[in-house]
Amino acid sequence: QVQLVESGGGLVQAGDSLRLSCAASGRTFSSYAMAWFRQAPGKEREFVAAISARGGTTYYADSVKGRFTISRDNDKITVYLQMNSLKPEDTAAYYCAAVSRSFIVPATMMRANEYPYWGQGTQVTVSS
């Protein structure tokens, strides 16, 4: 089992950058694929990015491709989401998620119900 705690959210202006962090507990972090999802008020939770257990494979939603970068440091048991060129439509609560799986398969890793472990979320607000 793994516990997740997100941090790094805040209020920024359009075009700014933020880096979210997700600190995990547990000795088997390096065997978990990780992902970021987001949820805006009144909308369903949507996939943002995923990374394989060893960090060799990443996958992004089309809406953030080229602007966001997911990475992980297994020594620090932390996964990151670097968000550049932020837009008002990126405003949402951002959630970190984990699943005990080494590889990511895009068709399934975009589904929130694939992930049994979730953090509490961190709010990102982008003003225009």
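The preceding data block contains the structure.
Cut-offs and rules
Residues numbered from 1 in each chain as written. Predicted model: local features only at pLDDT ≥ 70, side-chain atom pairs only at ≥ 80, totals over all residues. Heavy atoms only, no water. Pairing = 2+ DSSP bridges. Helix = DSSP H or I, 4+ residues; strand = E, 2+ residues; numbered from the N terminus. Axes fitted to C-alpha atoms, helices over the stretch in contact; angles between N-to-C directions. Salt bridge = Lys/Arg side-chain N within 4 Å of Asp/Glu carboxyl O. Core = buried A, V, L, I, M, F, W, Y, C linked by side-chain atoms within 4.5 Å. Buried < 20%, exposed > 50% of the residue type's maximum accessible area, 1.4 Å probe, protein only. Contact = heavy atoms within 4.5 Å. Disulfide = S-S within 2.5 Å.

Undergrad: So what's going on with the sheet that holds strand S1 (residues 4-7)? Which residues, and what values?
TA: Strand order in the open sheet made by the four strands is S1-S3-S8-S7, with antiparallel pairing throughout. The open sheet is flanked by S1 and strand S7 (68-73), the only strands paired with a single partner. When the angles between neighbouring strand axes are averaged without regard to direction, this sheet yields 15°. For strand S3 (residues 18-24) and strand S8 (residues 78-83), the ladder comprises six bridges, and the chain directions are antiparallel. Residue Ala23 lies in a different strand from S8, and its bridge partner there is Thr78.

Undergrad: Any chance you could break down the pattern of salt bridges for me, citing the residues and the numbers?
TA: Counting across every chain of the model gives five salt bridges. Note that Lys65 is salt-bridged to Asp62, the shortest N-O span being 3.1 Å. Ionic pairing is found between Asp90 and Arg67, a salt bridge with its closest N-O pair at 2.7 Å. In this pair, Asp90 sits in the loop between S8 and strand S9 (92-99) while Arg67 sits in the loop between strand S6 (58-60) and S7, placing the two residues 23 residues apart along the sequence.

Undergrad: Talk me through the nonpolar core; I want residue IDs and the actual numbers.
TA: Core analysis: the biggest nonpolar cluster contains 40 residues, and Met34, Trp36, Leu81, Met83 and Tyr94 have the highest contact counts within it. It is S9 that provides the largest number of residues to this core, a total of six residues. Not counting the four nearest positions on each side in its chain, Tyr94 is found in contact with Glu6, Leu20, Trp36, Phe37, Arg38, Val48, Phe68, Leu81, Met83, Gly121, Thr122 and Val124.

Undergrad: Quick rundown of the state of the cysteines? Include the residues and the values.
TA: Applying the stated criterion across every chain yields a total of one disulfide. Bridging Cys22 to Cys96, the disulfide has an S-S length of 2.1 Å. Note on the Cys22 and Cys96 pair: the S-S dihedral is about -80°, so by sign convention the disulfide is left-handed. With Cys22 in strand S3 and Cys96 in strand S9, this residue pair connects regions lying 74 residues apart in the sequence. We classify Cys96 as buried; its relative accessible area is 0%.

Undergrad: Account for unusual backbone geometry, with residues named and values stated.
TA: Even without being glycine, Ile77 reaches a positive phi, approximately 40°. Summarising the element assignment, Ile77 is placed in the loop between S7 and S8. Even without being glycine, Ser85 reaches a positive phi, approximately 50°. Take Ser85: it is sitting in the loop between S8 and S9.

Undergrad: Please provide a residue-by-residue account of the side chain of Ser21, values included.
TA: Within the secondary structure, Ser21 sits in strand S3. Ser21 gets classed as buried once you look at its relative accessible area, which sits at 16%. If sequence neighbours within four positions are ignored, Ser21 has contacts with Val5, Glu6, Ser7, Trp36, Thr78, Val79 and Tyr80.

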